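Reading the structure
Single-letter residue listing:
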Amino acid sequence: MIQNIETFLVDVPTIRPHKLSVATMNTQTLVLVRLRCADGITGWGEATTIGGLSYGGESPESIKTNIDTYIAPLLVGMEASEVAKAMARVRKVIQGNRFAKCAIETALLDAQARRLGVPLSELLGGRVRDALPVAWVLASGDTVRDIAEGEKMLELRRHRIFKLKIGLRDVMDDVAHVLEIKRALGERASVRVDVNQAWSETDAVRGIAALEAGGIDLIEQPVKAGNRAALARLKQRFDVAIMADEALHGPADALALAQADAADVYAVKITQSGGLLPALEVATVARLAGVGLYGGTMLEGGVGTAATAHVCSTFAELAWGTELFGPLLLTQEVLREPLVYRDFMLQVPTGPGLGVEIDTDKLRAMQRQ
Ligand SMILES: O=C(O)C[C@H]1C=CC(=O)O1
Ligand SMILES: [Mn+2]
């Protein structure tokens, strides 16, 4: 039986300012959920977002309030091992709130996988890979600093895929910044950009033409999320791969984007999809439509990152790797043992459930009062 559900906000400084077109992050607010069951088993989930309300429609505070006020009372007293019934109730009664639903589903699945003594991946159909390629995001806002950071990551053998956050400056200034980094890193790295919706379609035509010519491998969400037709026109116009991120809020969007032939690649995010099982549905639509997969992040800490890793470990094809580096951007760790990054890959945890343990003493000390 589900005994109680608690939510925690944890403000953690980032290792350096992280500049996106929608926000500059100096701290990240982790939203963590603990679900305790009458059989003594505890499950954890995470609903972290980026930049308060500047990236998505749910803020850390709204997620906490909505779980505490509306979702937890629906679930307390239900059978904890009946994850699908519990989530069916949540999905029937609660509109929207994809991030909150994701955290709840993660906690239920973590608890159930622990109960069964298996890694969470095995409840999701089973893993076909034990490690995932991980991109690093260069977003200091400074070209020289970004190049030095990229060189350091290559030397450490931690990352050889780099995503650059652009869209804040004039299109051609951004292009010059990106191409300088590409020239410095050369064939040793895959260099990609994320515009986070900042360009008009005409900006995008100019910007993508120059980036494609300069050897950039992937263009993420160049135009507004709602402008599916523009994304489709850009996909038809250019050879370089176009990725949908903010345009993709779960399986229905995955289908609509596929029907519009609007993207070469989907950024699969468990929070944006509204949970782990909807994220698997996004991946299935992609597979059937011939769309490539990429494991996306909302810069979650260890819990959400592990959950996404379990999901991505089940993908037969993962052509574009992942960006599951969230914990590495943070100055403090909430896990007892950090996730393992080695040889350019994140190792998918092997223990029961998520395969990570929360340091509850640390959490108590770090949580927002
Ligand atoms: O992809 C996004 O838009 C969000 C995010 C992922 C990595 C990062 O730095 O920001
Ligand atoms: Mn993105």
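Conventions and cut-offs
Residues numbered from 1 in each chain as written. Chains lettered and ligands numbered in written order. Predicted model: local features only at pLDDT ≥ 70, side-chain atom pairs only at ≥ 80, totals over all residues. Heavy atoms only, no water. Helix = DSSP H or I, 4+ residues; strand = E, 2+ residues; numbered from the N terminus. Rg over C-alpha atoms; globule rule 2.2 N^0.38 Å. Buried < 20%, exposed > 50% of the residue type's maximum accessible area, 1.4 Å probe, protein only. Contact = heavy atoms within 4.5 Å. Areas by Shrake-Rupley, 256 points an atom, 1.4 Å probe, with all protein chains shown as cover. Phe/Tyr/Trp six-rings, centres within 6.5 Å; stacked < 30°, edge-to-face > 60°. Lys NZ or Arg CZ within 6 Å of the ring centre and 35° of its normal. 1 Å grid on protein atoms, 1.4 Å probe; cavity = no way out; pocket = protein on both sides within 12 Å on 5 of 7 lines; lining within 4 Å. Points joined across faces, edges and corners; volume = space filled by probe spheres on them. Nonpolar A, V, L, I, M, F, W, Y, C, P; charged D, E, K, R; others polar. Pairing = 2+ DSSP bridges.

Some words on the overall build of the protein
When helices and strands are tallied, the protein shows twelve helices and 13 strands. A compact globule built from 369 residues should have a C-alpha radius of gyration of about 21 Å, and the protein, at 20 Å, falls within 12% of that. Considered along the principal axes of its C-alpha atoms, the protein spans approximately 60 × 40 × 35 Å. Here the protein holds 369 residues, and 60% of them are scored as buried. The contacts of the protein with a sequence gap of at least 6 include a subset with a gap of at least 24, amounting to 73%. In the structure as shown, the protein presents an accessible area of about 13900 Å², 50% of it carried by carbon and sulfur atoms.

Quick look at the packing of aromatic side chains
For the structure on display, the rule yields two aromatic pairs. Against the face of Trp 136 rests Arg 158, its NZ or CZ located 5.1 Å from the ring centre.

What about the environment of Leu 354?
Following the sequence through the fold, Leu 354 ends up in the loop between strand 13 (345-347) and helix 12 (360-366). Along the backbone, Leu 354 and Leu 138 are 216 residues apart, and their C-alpha atoms lie at a distance of 28 Å. In this view, Leu 354 contacts Trp 44, Thr 106, Asp 110, Arg 114, Leu 120, Val 303, Ala 306, Ala 307, His 310 and Pro 349; residues no more than four positions away in its chain are not counted.

Some words on empty space enclosed by the protein
Within the structure shown, the criterion is met by three cavities of 30 Å³ or more. When its volume is computed, the largest cavity comes out at roughly 90 Å³. Contributing to the lining of the largest cavity are 16 residues, with Ile 50, Lys 163, Lys 165, Thr 297 and Glu 323 lying nearest its centre. Within the lining of the largest cavity, the residues separate by chemical class into six nonpolar, three polar and seven charged.

Details of the layout of surface pockets
Size it by volume and the largest pocket reaches roughly 200 Å³. Elements that contribute at least two residues to the lining of the largest pocket include exactly helix 10 (276-289) and strand 11 (292-295). Per element, the largest residue contribution to the lining of the largest pocket is five residues, and it comes from helix 10. Its residues assigned to classes, the lining of the largest pocket comprises eight nonpolar, three polar and two charged.

Some points on the pairing of strand 1 (residues 2-19)
Summarising the sheet, strand 1 and strand 2 (residues 24-37) pair through 13 bridges and their orientation is antiparallel. By the bridge assignment for strand 2, Glu 6 is matched with Arg 34. Connecting strand 1 to the next strand, strand 2, in antiparallel fashion are four residues.

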